Amino acid sequence: MIEAGQAALSAVAQDADHKKVAVIHADIAQAQLRIGDVAEGIAYARRALDAAQRGESTWGLQHLTTVAKALSTQQAQAARDLLGDIAATRRTLGSSPA
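As the structure is a computational prediction, the values presented were derived from the model and not from experiment.

What counts and what doesn't
Residues numbered from 1 in each chain as written. Predicted model: local features only at pLDDT ≥ 70, side-chain atom pairs only at ≥ 80, totals over all residues. Heavy atoms only, no water. Helix = DSSP H or I, 4+ residues; strand = E, 2+ residues; numbered from the N terminus. Expected span 1.5 Å × (residues − 1). Buried < 20%, exposed > 50% of the residue type's maximum accessible area, 1.4 Å probe, protein only. Phe/Tyr/Trp six-rings, centres within 6.5 Å; stacked < 30°, edge-to-face > 60°. Lys NZ or Arg CZ within 6 Å of the ring centre and 35° of its normal. pLDDT = per-residue confidence, 0-100. Bend = angle between axes of the 7 residues up to and from the residue. Contact = heavy atoms within 4.5 Å. Polar contact = N/O pair within 3.5 Å; in protein donor to acceptor, adjacent residues only side chain to side chain.

## Details of helix α2 (residues 18-34)
The terminal C-alpha atoms of α2 lie 24 Å apart, and with 17 residues this matches the ideal 24 Å at 1.5 Å per residue to within 8%. Those residues of α2 lying buried are Val21, Ala22, Val23, Ile24, His25, Ala26, Ile28, Ala29, Gln30, Ala31, Gln32 and Leu33. At the exit of α2 stands Gly36, carrying a positive phi of roughly 90°.

Written out as structure tokens, the structure reads:
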């Protein structure tokens, strides 16, 4: 899953489609969290959030829902900060049709 995500990210990065980049990063984050690599999961989730914000993509944020659920069990400050940022972005982009 992680390798496939990296390959997809390389292909999409060429056209800078923020919505697709957000989804791919979220998928990689989810995979990293599943295998127990919390630091990498958080890093990819942060990248997913950044791409969703740049593209004003509620679609990208929707893909972060599963990641956010997994992060909610983490005690790391970085995970809590990211959860707060995801929630704030949802409020900001909530009315966006993207």
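## What to know about the packing of aromatic side chains
Using the criterion set out here, one finds zero aromatic pairs in the structure. Lying over the aromatic face of Tyr44, Arg47 brings its terminal NZ or CZ to 4.5 Å of the ring centre.

## With respect to the confidence of the model for the chain
Residue-level pLDDT values for the chain average 85, and 82% of them are 70 or greater. Here helix α1 (residues 2-13) is the element of the chain with the lowest mean pLDDT, 64, and helix α3 (residues 38-54) is the one with the highest, 94.

## Re helix α4 (residues 58-71)
With 14 residues, α4 should cover 20 Å at 1.5 Å per step; its first-to-last C-alpha distance of 19 Å lies within 8% of that length. Its maximal kink placed at Thr65, α4 deviates by approximately 35°. The secondary structure elements touched by the buried residues of α4 are α2, α3 and α5 (77-93). If you check the start of α4, you find a side-chain oxygen 3.4 Å away from the backbone N of Trp59, and it comes from Ser57.

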